[in-house]
Amino acid sequence: MEEDNMATKLAILLVYLAVLIGISAYAAKRQKKMVEENDEDSFALAGRQLGPLMIAMTITGSAIGGAATVGTAQNAFSHGISAGFYTVGWACSALLMSLIASKKVRKIRCTNVADQFGMKYGKKFTLAVACVMSIAVTMNCANQTVSSGSLLTGLMPGVLNIKTCMIISAFLFFVIAMLGGLFGGAACNIINVIVIYIGLVIACIFAVKCNGGIETINKNLAAVSTPEQPMSQWWNLVSGVGAGGIVFWLVNFMTGCCNTDIMVQSTSSAKSSKIAK
């Protein structure tokens, strides 16, 4: 029985990976055609032809990656539902970008954050900022790779170790990015976001059911509560993480995420300013 379940998991995983690579291959073919038409923005900005769905999925896919699923789940386990403000911070940054910065970003027609600095301060700043941004992106990719590896290890215990899972995740990230560019990433994120949300909802339902329902969960929480971690914190929107932690997340995301390449590229890749907004 256990072997059958493992075989089913492996089959689902392989199909999922095949779909993502197939989408990236299609994106690569589309991109090649755009290059032949002398479209220099085909790779980094998908030819500036993305619609609202693909832009939304690009940003959402970045926001609810490993840190916002595995990481936030761990925070929720430790501090309660106030951990959800992590993703609220992401949403606020996207809203800020849409209402305030998107029009200006499109007006200057930059492709990334380094271009913005280069236009203002010269080419030397373009290289310097590109190096700094590369370090930040590398650290983020490493974080996502570790998170994805942990998820795969949990899915296939005893079959794949954490190192192998991290290598598979890194390879998949590389293939999707190099084959499809921004268009391939956006198309894959449509699948990813759907799978993530459906999976989270199903997992939540089963978690509550397998733990005896909300009433039993509350009793168990009351049993492990302490003066430092009272029962009330688990369902309180503020007290778990604390007002200071929530403010930090909001300020950090609202000032930081608007200056990330994914926000700039997503905004610049839209068909029009109206769609970008």
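Going by the structure above, here's the rest.
Residues numbered from 1 in each chain as written. Predicted model: local features only at pLDDT ≥ 70, side-chain atom pairs only at ≥ 80, totals over all residues. Heavy atoms only, no water.

**A short note on the packing of aromatic side chains**
Heads up, the rule is: Geometry of aromatic contacts follows a simple scheme: Phe, Tyr and Trp rings, the Trp one being its six-membered ring, pair when their centres are within 6.5 Å, and the pair is stacked under 30 degrees between planes, edge-to-face over 60, tilted otherwise. Think of it this way: any DSSP run of H or I at least four residues long counts as a helix, any run of E at least two long counts as a strand, and we number them from the N terminus.
Counted under the stated rule, the structure contains six aromatic pairs. Ring geometry for Trp 90 and Phe 253: centres 5.9 Å apart, planes at 40 degrees, overall tilted. Of this pair, Trp 90 sits in helix α5 (residues 85-108) while Phe 253 is found in helix α10 (residues 243-256), placing the two residues 163 residues apart along the sequence. Centre to centre, the rings of Tyr 121 and Phe 125 are 5.2 Å apart; their planes meet at 40 degrees, and the pair counts as tilted. An aromatic cluster of three or more residues is present, and its members are Tyr 86, Trp 90, Trp 249 and Phe 253.

**Quick notes on the nonpolar core**
Most often, soluble globular proteins have nonpolar side chains that are buried together. Threshold: Think of a nonpolar core as a cluster: buried Ala, Val, Leu, Ile, Met, Phe, Trp, Tyr and Cys residues, connected wherever their side-chain atoms sit within 4.5 Å. Throughout, exposure labels follow a simple rule: accessible area from a 1.4 Å probe, protein chains only, divided by the maximum for the residue type, with under 20% read as buried, over 50% as exposed, and the rest as partly exposed. Contacts are residue-level and defined by heavy atoms, with any inter-residue pair within 4.5 Å sufficient.
Grouped together as the largest cluster of nonpolar side chains are 35 residues, with contacts concentrated most on Leu 50, Met 54, Trp 90 and Phe 183. Top contributing element to this core by residue count: helix α8 (residues 162-210), with eight residues. Ignoring any residue separated from it by four or fewer positions in sequence, one finds Leu 50 in contact with Ile 55, Leu 182, Phe 183, Ala 186, Ser 269, Ala 270, Lys 271 and Ile 275.

**As for the packing of α5 against helix α11 (residues 261-268)**
The relative placement of two packed helices is expressed as an angle between their axes plus a distance between the axes. Put simply, the test is: Angles shown run from 0 to 180 degrees and are taken between the N-to-C directions of axes, each axis being a line fitted to C-alpha atoms and, for helices, limited to the stretch in contact. Orientation is classified from the angle alone, with under 35 degrees giving roughly parallel, over 145 giving roughly antiparallel, 65 to 115 giving roughly perpendicular, and any other angle giving oblique. Crossing handedness: left-handed means the near helix sits turned counterclockwise from the far one by under a right angle, and right-handed means the same turn made clockwise. Think of it as three bins: nonpolar holds Ala, Val, Leu, Ile, Met, Phe, Trp, Tyr, Cys and Pro, charged holds Asp, Glu, Lys and Arg, and polar takes everything else, Gly as well.
Look at α5 against α11: their axes get within 10 Å of each other, and the N-to-C directions meet at 55 degrees. Taken together, the axes of α5 and α11 are oblique relative to one another. When you trace α5 past α11, the crossing you get is right-handed. Contacts from Trp 90, Ser 93, Ala 94, Met 97, Ser 102, Val 105 and Arg 106 of α5 reach α11 at Ile 262, Met 263, Val 264, Thr 267 and Ser 268. Here the residues of the contact of α5 with α11 are counted per class, giving seven nonpolar, four polar and one charged.

**What about the side chain of Asn 192?**
Topologically, Asn 192 is positioned in helix α8. When its relative accessible area of 17% is taken as the criterion, Asn 192 is described as buried. If sequence neighbours within four positions are ignored, Asn 192 has contacts with Tyr 16 and Leu 20.

**Digging into the environment of Ala 186**
Looking at the element boundaries, Ala 186 is found in helix α8. The residues contacting Ala 186, other than those within four sequence positions of it, are Leu 50, Met 54, Met 57 and Thr 58.

**Details of the pattern of salt bridges**
Pairs may arise between side chains of opposite charge once their charged atoms sit close together. Test applied: Between Lys or Arg on one side and Asp or Glu on the other, a salt bridge is scored when a side-chain nitrogen of the former is within 4 Å of a carboxyl oxygen of the latter.
In total, this model carries one salt bridge according to the counting rule given. Taking the shortest distance from any N to any O, the salt bridge between Glu 215 and Lys 219 comes out at 3.9 Å. Separated by four residues within a single helix, Glu 215 and Lys 219 lie in helix α9 (residues 213-224), roughly one turn from each other. When its relative accessible area of 57% is taken as the criterion, Glu 215 is described as exposed.

**Considerations on the side chain of Thr 145**
With respect to the helices, strands and loops of the structure, Thr 145 is situated in helix α7 (residues 123-155). Residue Thr 145 is classed as buried on the basis of its relative accessible area, which comes to 12%. Setting aside its immediate chain neighbours within four residues, Thr 145 contacts Met 166, Ser 169, Ala 170 and Phe 173.

**Observations concerning a positive patch on the surface**
Under the convention used in this document: Patches here: salt-bridge-free residues with over 30% relative accessible area, like charges joined within 9 Å, nonpolar side chains (Val, Leu, Ile, Met, Phe, Trp, Tyr) joined within 5 Å. Here the Shrake-Rupley method, with its probe set to 1.4 Å, supplies the accessible areas, and only the displayed protein chains count as covering residues. Only four residue types enter the charge count, namely Lys and Arg as positive and Asp and Glu as negative; His and the chain termini do not. Here the site of a charge means atom NZ of a Lys, CZ of an Arg, CG of an Asp or CD of a Glu.
A surface patch of positive charge is lined by Lys 103, Lys 104, Lys 107 and Lys 120. Counting residues per element, the positive patch draws most heavily on α5, which supplies three residues. Structurally, the position occupied by Lys 103 is in helix α5.

**Some points on a nonpolar patch on the surface**
A surface patch of nonpolar side chains, about 580 Å² in accessible area, is lined by Ile 194, Ile 198, Val 201, Ile 202, Ile 205 and Phe 206. Note on placement: Ile 205 falls in helix α8. For Ile 205, a relative accessible area of 53% gives the class exposed.

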